[in-house]
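# Examining the three-dimensional arrangement
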Amino acid sequence: MINSKVEGALNDQVRKEFYSFYLYLSMAAHFESMNLKGFAHWMKIQANEETKHAMKIYEHIIQRGGKIVLQQIDAPPSTWKSAKEMFAEAYQHEQKVTESINKIVELSKAEKDNASEIFLQWFVNEQVEEEASTYEIAQKLQMIGDDARALFMLDAELGKRSS
Ligand SMILES: [Fe+2]
Ligand SMILES: [Fe+2]
């Protein structure tokens, strides 16, 4: 049986993963409006990954005899100044998600919910990748600055991301 405090924290994490989906889908839509189709493609795949994260937690709660209580999801921003600003925000967002996962790991330890602690190791590893990929693109955009040619080259590269 899942520990009730961990159950509450994981239900809240489901909300955060769906918010991540919403945020990245909104960024995808904004990239579409800028005609940066490669960036939009990358963000749509990223958004899709976030729903998988939410569903992974959902399955864990159910499997452990817990109850899913879906929460309200905030509206994400819908407009940004530049691709650079968007990826800086995505990187910041992933760092916040990592913090949130780490807190639930600590809670699982404190509550001696070993199954949840082990389950969350997958997310600890996943966040290393999530931070690295958003940081890499944020850094590239930093270097690109106002160089439109370099931006289009990166757009073409990101358009190749497979799901
Ligand atoms: Fe996630
Ligand atoms: Fe993420």
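In this report, we go over the structure that sits alongside the text. Note that the structure is a prediction, hence the values are computed from the model and not measured.

## Notes on the packing of aromatic side chains
Scanning the entire structure with this criterion turns up eight aromatic pairs. For the pair Phe 31 and Phe 87, a centre-to-centre distance of 6.2 Å together with 35° between the ring planes defines the contact as tilted. In this pair, Phe 31 is assigned in helix α1 (residues 4-33) and Phe 87 in helix α3 (residues 83-110), connecting sequence segments 56 residues apart. Assessed through its relative accessible area of 0%, Phe 31 is described here as buried. A residue is classified by how much of its surface remains accessible, and Phe 87, at 0% relative accessible area, is buried. Here Tyr 91 and Tyr 135 contribute two aromatic rings whose centre-to-centre distance is 4.9 Å and whose plane-to-plane angle is 45°, an arrangement assigned as tilted. Linking Tyr 91 in helix α3 with Tyr 135 in helix α4 (residues 114-144), this pair joins segments that are 44 residues apart in sequence. A cation over a ring is seen here: Arg 161 above Trp 42, with NZ or CZ 4.5 Å from the ring centre.

## A look at the nonpolar core
Grouped together as the largest cluster of nonpolar side chains are 23 residues, with contacts concentrated most on Phe 31, Phe 39, Met 43, Phe 87, Ile 137 and Leu 141. Among the secondary structure elements, those contributing two or more residues to this core are α1, α2 (37-63), α3, α4 and α5 (148-158). Not counting chain neighbours up to four residues away, the residues in contact with Phe 39 comprise Phe 31, Ala 83, Phe 87, Ile 137, Leu 141, Leu 151, Leu 154, Asp 155 and Leu 158. Residues Val 14, Val 105, Phe 119 and Leu 120 belong to the second largest nonpolar core, which totals 15 residues.

## Some points on the coordination of the iron ion (ligand 2)
Surrounding the iron ion (ligand 2) are the protein donor atoms Glu 50 (OE), Glu 94 (OE), Glu 94 (OE) and Glu 130 (OE), which sit 1.9 to 2.7 Å from the metal. The site at the iron ion (ligand 2) holds four donor atoms, and with the angles between them running 52 to 151°, its shape is irregular. The motif formed by the donor residues of the iron ion (ligand 2), counted along the single chain, is E-x43-E-x35-E. A separation of 3.3 Å is found between the iron ion (ligand 2) and the iron ion (ligand 1), both of which receive a donor from Glu 50. In this pair, Glu 50 is assigned in helix α2 and Glu 94 in helix α3, connecting sequence segments 44 residues apart. Note on accessibility: Glu 50 and Glu 94 belong to one class, buried.

Here is what the cut-offs are and how they apply
Residues numbered from 1 in each chain as written. Chains lettered and ligands numbered in written order. Predicted model: local features only at pLDDT ≥ 70, side-chain atom pairs only at ≥ 80, totals over all residues. Heavy atoms only, no water. Phe/Tyr/Trp six-rings, centres within 6.5 Å; stacked < 30°, edge-to-face > 60°. Helix = DSSP H or I, 4+ residues; strand = E, 2+ residues; numbered from the N terminus. Buried < 20%, exposed > 50% of the residue type's maximum accessible area, 1.4 Å probe, protein only. Lys NZ or Arg CZ within 6 Å of the ring centre and 35° of its normal. Core = buried A, V, L, I, M, F, W, Y, C linked by side-chain atoms within 4.5 Å. Contact = heavy atoms within 4.5 Å. Donors = N, O, S within 2.8 Å, 3.2 Å for Na, K, Ca; no water. Tetrahedral: all angles 85-135°; square planar, octahedral: opposite > 155°, others 65-115°.

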